[in-house]
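Structure assessment
Chain residues, written in single-letter form:
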Amino acid sequence: MGSAGLSRLHGLFAVYKPPGLKWKHLRDTVELQLLKGLNARKPPAPKQRVRFLLGPMEGSEEKELTLTATSVPSFINHPLVCGPAFTHLKVGVGHRLDAQASGVLVLGVGHGCRLLTDMYNAHLTKDYTVRGLLGKATDDFHEDGRLVEKTTYDHVTREKLDRILAVIQGSHQKSLVMYSNLDLKTQEAYEMAVRGLIRPMNKSPMLITGIRCLYFAPPEFLLEVQCMHETQKELRKLVHEIGLELKTTAVCSQVRRTRDGFFTLDSALLRTQWDLTNIQDAIRAAAPHVAAELEKSLSPGLDTKQLPSPGWSWDSQGPSSTLGLERGAGQ
Amino acid sequence: MALSAQQIPRWFNSVKLRSLINAAQLTKRFTRPARTLLHGFSAQPQISSDSCFLQWGFKTYRTSSLWNSSQSTSSSSQENNSAQSSLLPSMNEQSQKTQNISSFDSELFLEELDELPPLSPMQPISEEEAIQIIADPPLPPASFTLRDYVDHSETLQKLVLLGVDLSKIEKHPEAANLLLRLDFEKDIKQMLLFLKDVGIEDNQLGAFLTKNHAIFSEDLENLKTRVAYLHSKNFSKADVAQMVRKAPFLLNFSVERLDNRLGFFQKELELSVKKTRDLVVRLPRLLTGSLEPVKENMKVYRLELGFKHNEIQHMITRIPKMLTANKMKLTETFDFVHNVMSIPHHIIVKFPQVFNTRLFKVRERHLFLTYLGRAQYDPAKPNYISLDKLVSIPDEIFCEEIAKASVQDFEKFLKTL
């Protein structure tokens, strides 16, 4: 019984992390709920064991003794003696979210933890909505940090904000290409650029692939950011720097992840849904998408993955161009 | 040479339970295929201190002799001895002259043993004696789990049938050792009958014993005195039963300690005797837990949160759990309710349940109501929503009646937080 539940508990699923909860507590809570669900199943039937009892033989004189086999219930597998059947589950966390941020958090259970590494190596982008507040500056760039400065913001208009966001996007686009270690003179790199696949497949600083303003009503504004290799603190710092560019100050009041790779808000499970059946359904629903996306994102990246880090760009031009020629010839 | 009667006492067969590392408990056991009247001793030399290997396990003996037609189970009942360890001197005398020492690695023997000629396995024996050889695998002398012994110990089996969770007790080595050594008929039964007298039902005994396994080491007379003391303080029988059920360690406290605790609560809370009694009956954990958190919480309510003494008394009589709540959670909840939701003190006093709920629940529901424009907590104005409706009702009813929205809307809203 328990094994049937456990066998369906391998894979990735997304959870909506509420603000104010540490990711570690969330992971522990999910593990506890899964264990509770697994242990609630019916325990197996009690085992019997055979004992050979010495007794007088039937219908004979009392001196004759013989051994008779009897089956007596055994207490070895009684649930009160062994304890709960499941005490530990392997639950892993994908890209983490800090305590003040909220949004889609990918978790892996059992064999799904291996897929977490694959997802990390696929270097997919993530979507955030970032809410900012003009006129304040704090030490940790968040709204409830220690206040450092207060400024006026009447001069700020939507056009100014859009202009600054466009500049940011452009400069990050350049960095994308630089950190992806591609020689743009090759055919293959051109094709990848046409398809929009240029992105660094190894470590790099935070890169923004797209940023735009959804809503602007001073002092509040709402940005949508697509980025990779980010931390939430850097996103808040981004809001602070946007404020500085606008010749005022800004703090971030909300960082919310709406998409992590191929997991979106729709498939994320809320706190009330963190139990065994919901998680099993979520894993089953997400499994085909996960497989397809990982297949897709890992294969075209094969060529670029072999290249060394940016410091070696000189040397890499040689092999990449030959590779490119081969690839072109192969096609 | 047969063992003489005087030499028998040197033999023992105590079982080492559970402590793998505890050298002081190491004993030697000897096993050999049990002959009719000589019961097997399992020999297992312990390498550690030789000063301690002679350990009496007198309690562990059963003088019942084994291989009569009937018992088998009862003889194995006592301890973890599949090879019945009985030392009736008379029987031993009649038995073999030689002892068959099993092929264990036992090298160390008592001096007496050396004098006995070894029993050869090739020696022909009669059919009857052959039947009566018990060759069960010996029980492990030490183990970290009671699973190894449960099939051979009637005490443990009866406890499991009562509902005691052995997997929790085996985490405490001393308790497990104690249970293995006790006899159900003699010791445990008395205690169970006493507990039933106090008022604990049959189906609650298991949970009680799982929590408070130390009660077996308490003296029955002391326990009766403590119950009499509680009765003298005008706690009714049902009250005492409820208190003991909810706080299993209550009867382990001496009369002076109980007296001190009751006195503390009377002084600290300055409630009437009857109200203090009701409070303690509802939350007997107050008597068994530490008093420091209670003192701290009283200070927090008075100084940090700014409640008056009569307000605190009112809240505590409604929700006794507030006395032992976590200080940080209290302050966070109060901060949100008072500063963000702008609810004044006198309304919070009317609904102390808000201190008993998780903060995230209060926050999510309040933010949803604000988003819908229904966050009205002033009793004077229309569409007033009371705090207890905010926190104490389940999600579906909250969404339908208070927020007048669907549960899907609530979930969508939660995903925007």
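Residues numbered from 1 in each chain as written. Chains lettered and ligands numbered in written order. Predicted model: local features only at pLDDT ≥ 70, side-chain atom pairs only at ≥ 80, totals over all residues. Heavy atoms only, no water.

Glancing now at the overall build of chain A. When helices and strands are tallied, chain A shows 10 helices and 12 strands. For chain A, the proportion of its 331 residues judged to be buried stands at 45%. If you take every contact in chain A between residues at least 6 apart in sequence, the share linking residues at least 24 apart comes to 71%. Summed over all atoms, the accessible surface of chain A reaches about 17500 Å², with 57% contributed by carbon and sulfur. (Helix = DSSP H or I, 4+ residues; strand = E, 2+ residues; numbered from the N terminus. Buried < 20%, exposed > 50% of the residue type's maximum accessible area, 1.4 Å probe, protein only. Contact = heavy atoms within 4.5 Å. Areas by Shrake-Rupley, 256 points an atom, 1.4 Å probe, with all protein chains shown as cover.)

Here we come to the packing of aromatic side chains. Summed over all chains, the structure comprises 10 aromatic pairs over all chains. Here the aromatic rings of B:Phe264 and B:Phe265 are separated by 5.2 Å at their centres, their planes lie at 75°, and the arrangement is edge-to-face. Note on B:Phe334 and B:Phe355: the rings are 6.4 Å apart at their centroids and 10° apart in plane angle, and the pair reads as stacked. Taken together, the residues B:Phe334 in helix H18 (residues 327–340) and B:Phe355 in the loop between helix H19 (345–350) and helix H20 (359–372) connect sequence positions 21 residues apart. In this pair, the class of B:Phe334 matches that of B:Phe355, namely buried. One aromatic cluster in this structure is built from B:Phe368, B:Tyr371, B:Phe398, B:Phe410 and B:Phe413. One residue, A:Arg271, lies across the ring of B:Phe360, its end atom 3.4 Å from the ring centre. In this structure, B:Arg365 is placed above the aromatic ring of B:Phe398, and the distance from its NZ or CZ to the ring centre is 4.5 Å. (Phe/Tyr/Trp six-rings, centres within 6.5 Å; stacked < 30°, edge-to-face > 60°. Lys NZ or Arg CZ within 6 Å of the ring centre and 35° of its normal.)

In this section: helix H9 (residues 184–198) of chain B. All names here are of chain B. End to end, H9 covers 20 Å across 15 residues, agreeing with the expected 21 Å (1.5 Å per residue, within 8%). Contacts from the buried residues of H9 go to helix H6 (154–162), helix H10 (202–211), helix H11 (220–232) and helix H12 (237–246). The positive-phi residue at the C-terminal boundary of H9 is Gly 199, with phi of around 130°. (Expected span 1.5 Å × (residues − 1).)

Below, the discussion takes up the UniProt feature "domain: Pseudouridine synthase II N-terminal" (unreviewed entry) in chain A. In the numbering used here, UniProt assigns the feature "domain: Pseudouridine synthase II N-terminal" (unreviewed entry) to residues 88–232 of chain A. Spanning residues 88–232 of chain A, this segment combines 30% helix with 32% strand, and its end C-alpha atoms are found 30 Å apart. (UniProt positions renumbered as here; feature names shortened; annotations may be inferred.)

Residues and elements named next belong to chain A. Along its sequence, chain A is carved into domain 1 (7–54 + 65–124 + 263–297) and domain 2 (125–260). Using only C-alpha atoms to locate each centre, domain 1 and domain 2 end up separated by 36 Å. Counting from both sides, the interface comprises 21 residues of domain 1 and, opposite them, 21 residues of domain 2. The largest per-residue losses of area from domain 1 upon contact with domain 2 belong to Gln 100, His 123 and Leu 124, which jointly make up 35% of the total buried on that side. Where domain 1 touches domain 2, the interface holds one salt bridge. (Domains from an automatic or database assignment. Buried area = accessible area lost by both parts, 1.4 Å probe. Salt bridge = Lys/Arg side-chain N within 4 Å of Asp/Glu carboxyl O.)

Residues A:Val50, A:Phe52 and A:Leu67 make up a contiguous nonpolar surface patch of roughly 300 Å² in combined accessible area. As for its position among the elements, A:Leu67 is in strand S3 (residues 65–73). (Patch = residues over 30% accessible without salt bridge, like charges linked within 9 Å, V, L, I, M, F, W, Y side chains within 5 Å.)

Attention now goes to the interface of chain B and chain A. Taken together, the contact pairs 30 residues of chain B with 31 residues of chain A. Together, B:Arg147, B:Asp151 and B:Lys415 form the three largest contributors to the area buried by chain B at its contact with chain A, with a combined 26%. The interface formed by chain B and chain A includes two salt bridges. For the salt bridge of B:Asp151 with A:Arg49, the shortest nitrogen-to-oxygen distance reads 3.7 Å. Mapped by element, the contributors of at least two residues to the side of chain B that touches chain A are helix H1 (73–77), helix H4 (127–131), helix H5 (147–150), H6, helix H7 (166–169), H20 and helix H23 (407–414) of chain B. Taken together, the residues that form the side of chain B that touches chain A break down as 10 nonpolar, 10 polar and 10 charged. (Nonpolar A, V, L, I, M, F, W, Y, C, P; charged D, E, K, R; others polar.)

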